[in-house]
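Notes for the structure review
Residues per chain, in single letters:
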Amino acid sequence: MCHFPQRSSVLSFPKICNIFWRFHHTSTSQMCSCSKTVSDEKYQDPFQLGRKDLKNLYEDIKKELLVSTAELREMCEYYFDGKGKAFRPMIVVLMARACNIHHSNSREVQASQRSVAIIAEMIHTASLVHDDVIDDANSRRGKMTVNQIWGERKAVLAGDFILSAASLALARIGNTTIISVLTQVIEDLVRGEFLQLGSKENENERFAHYLEKTFKKTASLIANSCKAVSILGCPDPKVHEIAYQYGKNVGIAFQLIDDVLDFTSCADHLGKPAAADLKLGLATGPVLFACQQFPEMNAMIMRRFSKPGDVERARKYVLQSDGVQQTTYLAQRYCHEATREISKLRPSPEREALIQLTEMVLMRDK
């Protein structure tokens, strides 16, 4: 598993990290669990293992988006082009199988569990459409955004329509607990966006603010989708908590690495402009860590990098500091915790694939 160098600055926000962990991590230390021994299963490629259950994923999503207006249909289907990796649905179906095997040794994904995977991707995509409007973004996944092609007003309506279609699909599952779990995601997305629009003067509060925003905007969807399929496949609340904690920790790590890539990957590779977060006035992990070494960044953070030259100076400070490295260390810690949680389930190819996925999150370059 990952090892973390004991440098003084690695845990430079110890109180904040502890506060965050207490706030988000309900105790599972007393949980009865399977032995954390490595199973005899060979290396499992998560994308290969999940492919069977994700076949025709985007075609099924488009069936949920049937509308009479050709323009609205084109807008809604724009990001469902099948060119993405379907990262979130893939985690969901792997978690479904892992929980089913743990409970009843069934290797089949239930229709309702697959519906959760579809709904998760629809909620995620709706949030991207809305985020691009808020950020006035002009590129996403290497192509023009919906708002650039059709305008902001129509883009907002398209995002709303995708969300409403996801809500209808959710209602059809017919389980009030699942409805409650997944509607929490939509609330968190809105609250996370509001957190992103705000800022904190105090350095410790600022980092806690950033981590909470990261959970609500990115990790809540993965955490609650994993919890939903575990509820559908297994009656044990301990398993529901394992699924939730795995998704939460992987989701936070995913976003931390995304924030690192904003400084280390070129625009062509990312499919969106480099240093995009700084241009939006956002102080992400690498910036907050760099600020410890370069306190002059505090003023830039508070004015959201709005003065001429702020973005360039801040980016230079981040690259001169160990902000990128420290954010990566933090992502490793979250992946370590995700692995610890999922290892409590009975060994299976799907469990091993979910463990492998934590490594892929850390190694991704776009």
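Look up: the structure comes first, before these words.
Report follows, based on the coordinates. The structure presented is a predicted model; accordingly, all values stated were derived computationally and were not measured. Residue indices follow the written sequence of each chain, beginning from 1 at its first position. Local features are withheld for residues below a pLDDT of 70 in this predicted model, meaning they are given only at 70 or higher, and side-chain atom pairs are given and counted only at 80 or more; totals for whole chains, interfaces and linings count all residues. Note that water and hydrogens are dropped before the side-chain values are worked out from all heavy atoms of the structure.

A short note on empty space enclosed by the protein
Under the convention used in this document: Detection works on a 1 Å grid of protein atoms alone, calling trapped sets that fit a 1.4 Å probe cavities and calling open sets with protein on both sides within 12 Å along at least five of seven lines pockets, with lining residues defined by an atom within 4 Å of a point. Grid points are joined across faces, edges and corners, and a volume is the space filled by probe spheres set on the points. By definition, any uninterrupted DSSP run of H or I lasting at least four residues is a helix, any uninterrupted run of E lasting at least two residues is a strand, and each is numbered from the N terminus.
Tallied over the entire structure, the rule returns two cavities of 30 Å³ or more. One number sums up the size of the largest cavity: a volume of about 180 Å³. Forming the boundary of the largest cavity are 15 residues, of which Gly198, Ser199, His209, Leu282 and Ala283 lie nearest the centre. Of all elements in the fold, only α9 (176-197) and α10 (203-233) reach the threshold of two or more residues within the lining of the largest cavity.

Some thoughts on the packing of aromatic side chains
Selection criterion: Pairing of aromatic rings covers Phe, Tyr and the six-membered ring of Trp, with a centre-to-centre limit of 6.5 Å; geometry is then stacked below 30 degrees between planes, edge-to-face above 60, and tilted otherwise. Only lysine NZ and arginine CZ atoms are considered, and such an atom sits over a ring when it is within 6 Å of the ring centre and within 35 degrees of the ring normal.
Taken as a whole and judged by the stated rule, the model has seven aromatic pairs. An aromatic cluster is built from Tyr78, Tyr79 and Trp150, whose rings are joined through pairwise contacts. If you follow lysine 85 out to its NZ or CZ, it ends over the ring of phenylalanine 47, 5.2 Å from the centre.

Some thoughts on helix α5 (residues 87-104)
Rule in force here: To estimate the expected span of a helix, subtract one from its residue number and multiply by 1.5 Å. Burial here depends on accessible area, computed with a 1.4 Å probe over protein chains only, as a share of the maximum for the residue type. Under 20% is buried, over 50% is exposed, and the range in between is partly exposed.
Over its 18 residues, α5 runs 26 Å from end to end, which matches the ideal 26 Å to within 8%, given 1.5 Å per residue. Counting buried residues in α5 gives 16 out of 18 residues, a clear majority hidden from the surface. Just beyond α5, the residue with positive phi is asparagine 105, at close to 65°.

Brief notes about the packing of helix α11 (residues 237-264) against helix α18 (residues 349-363)
The test is simple: Structural elements are reduced to axes, namely lines fitted to C-alpha atoms, with helices fitted over the stretch in contact, and the angle between N-to-C directions of any two is expressed from 0 to 180 degrees. Orientation is classified from the angle alone, with under 35 degrees giving roughly parallel, over 145 giving roughly antiparallel, 65 to 115 giving roughly perpendicular, and any other angle giving oblique. Crossing handedness: left-handed means the near helix sits turned counterclockwise from the far one by under a right angle, and right-handed means the same turn made clockwise. Contacts are residue-level and defined by heavy atoms, with any inter-residue pair within 4.5 Å sufficient.
Relative orientation of the contacting elements α11 and α18 amounts to 20°, with a least axis distance of 9 Å. Here α18 runs roughly parallel to α11, going by the angle between their axes. By crossing handedness, the relation of α11 to α18 is classed as left-handed. Residues Tyr246, Val250, Ala253, Phe254 and Ile257 of α11 form the contact with α18, whose participating residues are Leu354, Leu357, Thr358, Val361 and Leu362.

Quick look at the pattern of salt bridges
Going by this rule: By convention in these notes, a salt bridge is any Lys or Arg side-chain nitrogen within 4 Å of a carboxyl oxygen on Asp or Glu.
In the structure shown here, the tally under the stated rule is 20 salt bridges. With a shortest N-O distance of 2.8 Å, aspartate 53 and arginine 97 are connected by a salt bridge. Placement of the pair is aspartate 53 in helix α2 (residues 46-54) and arginine 97 in helix α5, with a sequence separation of 44 residues. Neither aspartate 53 nor arginine 97 differs from the other in exposure class; each is buried. Linking lysine 216 and glutamate 212 is a salt bridge whose minimum nitrogen-to-oxygen distance equals 3.4 Å. Highlighted residues: lysine 216 and glutamate 212, both in helix α10, separated by four residues, approximately one helical turn. The class of glutamate 212 is partly exposed, set by a relative accessible area of 25%. Counted as one network, the salt bridges with shared partners bring together Asp53, Arg97, Arg107 and Glu350.

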